[in-house]
Amino acid sequence: MVRPDRAAVAAGKPDLFSVAGKRVLVTGGSRGIGRMIAAGFVEAGSRVIISARPSEELERAAAAMRADGECVAVPADLATMEGVRTLAAAVAETAPRLDVLVNNAGTTWGAPPREFPVERWDAALATNLRSVFYLTVALLDRLRAAGTADDPASVINIGSVDGLRVPDWDNFAYSASKAALHQLTRQLARRVAAEQVTVNAIAPGLFESKMTRFLLDDQAGRDRVTADVPLGRIGRPEDVIGVTRFLASRAGAYLTGTVIRVDGGLAI
């Protein structure tokens, strides 16, 4: 018997996992997991827009990715509603259809409960949660225009394993915002499913990023946190790239409202 994937290739049908030609927006795309995800889409032939707060780092990241394909940078500070509106307007100008929205922009802060500054709490909730909701709503028309029953448009929210467990460090606002983001993912998924748009979340564990630098910068700290990961290592770019491509491709067309842990087993 001919395997289904070989039959599809023989019939000239597109690769089940292909994201080639798709228009993708990745927020927080200048560093860390966001940059890993964006680079993975560029390398796979997607047309990628990355966004982050205005900085030379954003432009350098886009320039580096252009060595492998199409990538443009749109500066925006998603901690503010003005930044959300600016980004949505810029995307609308260049992308009448948007196949994939990766809501990755985020911020964190660590402090004991009695010392936790209210401004850092508000910043975390604004960036990690509020911006996701309002940016997604602002771009829904573009997502609807791209989605079909066989290949829906895809919203991928980057949550965190810290939204599923109680971490050892005092990142109260970050953990709370990510737990809320997982629930927001489920609510949005239910509301827009009939419009050929899926909404899923990825809950990463430990990856190299500015947020995890305080844990991974010295070898002793790296060894300590890695010892808690059942698979015995921190995440690699391909670990998160593979899951995002899956969710954005026809292979993930029947998933919505899910929260997928990419954590090496850390949450268990």
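Everything here concerns the structure above.
Below: a short report on this structure.

1. Quick look at the overall build of the chain
Inference 1: Each helix and strand in the chain was counted, giving 10 helices and 7 strands.
Inference 2: By the compact-globule yardstick of 18 Å for 268 residues, the chain fits well, its C-alpha radius of gyration being 18 Å.
Inference 3: In terms of overall dimensions, the chain has C-alpha extents of about 60 × 45 × 40 Å along its principal axes.
Inference 4: Counting over 268 residues, the chain shows a buried share of 46%.
Inference 5: Relative to all contacts within the chain whose residues are 6 or more apart in sequence, the contacts with residues 24 or more apart total 71%.
Inference 6: As displayed, the chain has an accessible area near 13,100 Å², and 53% of this comes from carbon and sulfur atoms.
Inference 7: In the chain, the 32 positive side-chain charges and the 30 negative ones have mean positions that sit 4 Å from each other.

2. What about the pattern of salt bridges?
Inference 1: On inspection of all chains with the given rule, the structure shows 10 salt bridges.
Inference 2: Residue Asp141 is joined to Arg144 by a salt bridge in which the shortest nitrogen-to-oxygen separation is 2.5 Å. Taken together, the residues Asp141 and Arg144, both in helix α6 (residues 140–146) and 3 residues apart, mark about one turn of the helix.
Inference 3: Residue Arg233 is joined to Asp239 by a salt bridge in which the shortest nitrogen-to-oxygen separation is 2.8 Å.

3. Comments concerning the pairing of strand β3 (residues 70–75)
Inference 1: Looking at chain direction, strand β2 (residues 47–52) and β3 are connected through 6 bridges and run parallel. Residue Arg47 lies in a different strand from β3, and its bridge partner there is Glu70.
Inference 2: In this fold, β2 hands off to helix α3 (residues 56–65), which returns the chain to β3; that crossover is right-handed.

4. A short note on the environment of Ala89
Inference 1: One can find Ala89 in helix α4 (residues 81–94).
Inference 2: In this structure the C-alpha to C-alpha distance between Ala89 and Gly29, which are 60 residues apart in sequence, comes to 18 Å.

5. Quick look at the sheet that holds β3
Inference 1: Read across the open sheet, the 7 strands follow the order β3-β2-β1-β4-β5-β6-β7; overall the sheet is parallel. Two strands close off the open sheet at either side, each with one partner strand: β3 and β7 (259–262). Going from strand to strand, the sheet's axes swing by 20° on average, the running direction of each strand aside.
Inference 2: Sheet topology places strand β1 (residues 23–27) next to strand β4 (residues 100–103); 3 bridges connect them, and they run parallel. Its bridge partner lying in β4, Val26 is registered against Val102.
Inference 3: Lying over the sheet, α3 contacts β2 and β3, oriented at roughly 170° with respect to β3.
Inference 4: Along the sheet, helix α10 (residues 237–248) contacts β4, β5 (153–158), β6 (197–204) and β7; its crossing angle with β5, the most-contacted strand, is approximately 150°.

6. Comments concerning the packing of aromatic side chains
Inference 1: According to the stated counting rule, one finds 3 aromatic pairs in the structure shown.
Inference 2: Judged by centre distance (6.2 Å) and plane angle (85°), the ring pair of Phe116 and Trp121 falls under edge-to-face.
Inference 3: For Phe116, a relative accessible area of 15% translates into the label buried.
Inference 4: We classify Trp121 as partly exposed; its relative accessible area is 36%.
Inference 5: With a centroid separation of 6.2 Å and 80° between ring planes, the pair formed by Phe116 and Phe172 is classed as edge-to-face. You can see Phe116 sitting in the loop between β4 and α5 (118–138) and its partner Phe172 sitting in helix α7 (residues 172–192), a full 56 residues away along the chain.
Inference 6: Note on Phe172: relative accessible area 36%, which makes it partly exposed.

Here is what the cut-offs are and how they apply
Residues numbered from 1 in each chain as written. Predicted model: local features only at pLDDT ≥ 70, side-chain atom pairs only at ≥ 80, totals over all residues. Heavy atoms only, no water. Helix = DSSP H or I, 4+ residues; strand = E, 2+ residues; numbered from the N terminus. Rg over C-alpha atoms; globule rule 2.2 N^0.38 Å. Buried < 20%, exposed > 50% of the residue type's maximum accessible area, 1.4 Å probe, protein only. Contact = heavy atoms within 4.5 Å. Areas by Shrake-Rupley, 256 points an atom, 1.4 Å probe, with all protein chains shown as cover. Lys, Arg positive; Asp, Glu negative; His and termini not counted. Charge placed at Lys NZ, Arg CZ, Asp CG, Glu CD. Salt bridge = Lys/Arg side-chain N within 4 Å of Asp/Glu carboxyl O. Pairing = 2+ DSSP bridges. Right-handed = clockwise from strand over helix to strand, strands pointing away. Axes fitted to C-alpha atoms, helices over the stretch in contact; angles between N-to-C directions. Phe/Tyr/Trp six-rings, centres within 6.5 Å; stacked < 30°, edge-to-face > 60°.

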